[in-house]
Amino acid sequence: MPVKVLYETKVVATGGRDGSAETPDGNLKLNLSTPKELGGAGGDGNNPEQLFAAGYAACFIGALKAAASQNKHLKVPADVKTTATVGIGPLAEGGFGLEVALDVSLPGLEQAAADELVSKAHQICPYSNATRGNIDVKLSASV
């Protein structure tokens, strides 16, 4: 399915999981390090799973706002928070896979409205669309 691209960005990574990543304009520059759990030294850098979790969590809030704008009885509270937990590990058939849990805090909403909003956002969010059918994504809403 073709995408009408409205924005694109680039990040250049060097050195792999123990290297660095940077945007060409220099606005984002990160040291990368492999977690001890994956055989690395740990360290002060970030890892791809953290970056994916940050992007997914932030994007999901945008999707919540888009979903609410399409349905006037749903409103995203100003103090909305999405916590994305990303796990990585070996697949039984070889290689590695990811799993994601999105815990969305929507204070002040009724539980049914929060569940509806999270479900609708999951259909809108580009990260959800990119991962659907590829990795396990668990959703939860709290009020």
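Structure: see above.
Residues numbered from 1 in each chain as written. Predicted model: local features only at pLDDT ≥ 70, side-chain atom pairs only at ≥ 80, totals over all residues. Heavy atoms only, no water.

So what about the nonpolar core? Which residues, and what values?
With 27 residues, the main nonpolar core has Phe-60, Leu-64, Leu-106 and Leu-117 as its most contacted residues. Per-element accounting of this core gives the leading share, nine residues, to helix H1 (residues 48-69). Contacts of Leu-64, omitting those with residues within four sequence positions, involve Val-76, Val-80, Thr-82, Val-104, Leu-106, Leu-117, Val-118 and Ala-121. (Core = buried A, V, L, I, M, F, W, Y, C linked by side-chain atoms within 4.5 Å. Buried < 20%, exposed > 50% of the residue type's maximum accessible area, 1.4 Å probe, protein only. Helix = DSSP H or I, 4+ residues; strand = E, 2+ residues; numbered from the N terminus. Contact = heavy atoms within 4.5 Å.)

Please provide a residue-by-residue account of a nonpolar patch on the surface, values included.
A surface patch of nonpolar side chains, amounting to about 330 Å² of accessible area, comprises Leu-38, Ile-88, Phe-96 and Leu-98. Mapping Leu-38 onto the fold places it in the loop between strand S3 (29-31) and H1. (Patch = residues over 30% accessible without salt bridge, like charges linked within 9 Å, V, L, I, M, F, W, Y side chains within 5 Å. Areas by Shrake-Rupley, 256 points an atom, 1.4 Å probe, with all protein chains shown as cover. Salt bridge = Lys/Arg side-chain N within 4 Å of Asp/Glu carboxyl O.)

Would you mind going over H1 in detail, with residue names and values included?
Over its 22 residues, H1 extends 32 Å from the first C-alpha to the last, a length consistent with the 32 Å expected when each residue adds 1.5 Å. Those residues of H1 that sit buried are Glu-49, Ala-53, Gly-55, Tyr-56, Ala-57, Phe-60, Ile-61, Ala-63, Leu-64, Ala-67 and Ala-68. Turning to H1, the residues buried within the fold contact strand S4 (81-90), strand S5 (96-105), helix H2 (111-124), helix H3 (126-131) and strand S6 (136-142). (Expected span 1.5 Å × (residues − 1).)

Give a detailed account of the packing of aromatic side chains, specifying residues and quantitative values.
This structure, assessed with the given rule, holds four aromatic pairs. Aromatic rings pair up to connect Phe-52, Tyr-56, Phe-60 and Tyr-127 into one cluster. (Phe/Tyr/Trp six-rings, centres within 6.5 Å; stacked < 30°, edge-to-face > 60°.)

Can you explain H2? Please cite residues and give values.
Taking 1.5 Å per residue as the helical rise, H2 with its 14 residues ought to reach 20 Å, and the 20 Å between its terminal C-alpha atoms agrees with that figure. Burial in H2 covers these residues: Ala-113, Ala-114, Leu-117, Val-118, Ala-121 and His-122. Turning to H2, the residues buried within the fold contact H1, S5, H3 and S6.

Describe the sheet that holds S4, and please don't skip the residues or the numbers.
Strands sit in the order S4-S5-S6 across an open sheet of three strands; the sheet is mixed. Among the strands making up the open sheet, the edge pair consists of S4 and S6. Averaged over all neighbouring strand pairs, the angle between strand axes comes to 15°, with direction disregarded. When S5 meets S6, the two strands line up parallel, connected through seven bridges. When the bridges of S6 are listed, Glu-99 appears paired with Asp-136. (Pairing = 2+ DSSP bridges. Axes fitted to C-alpha atoms, helices over the stretch in contact; angles between N-to-C directions.)

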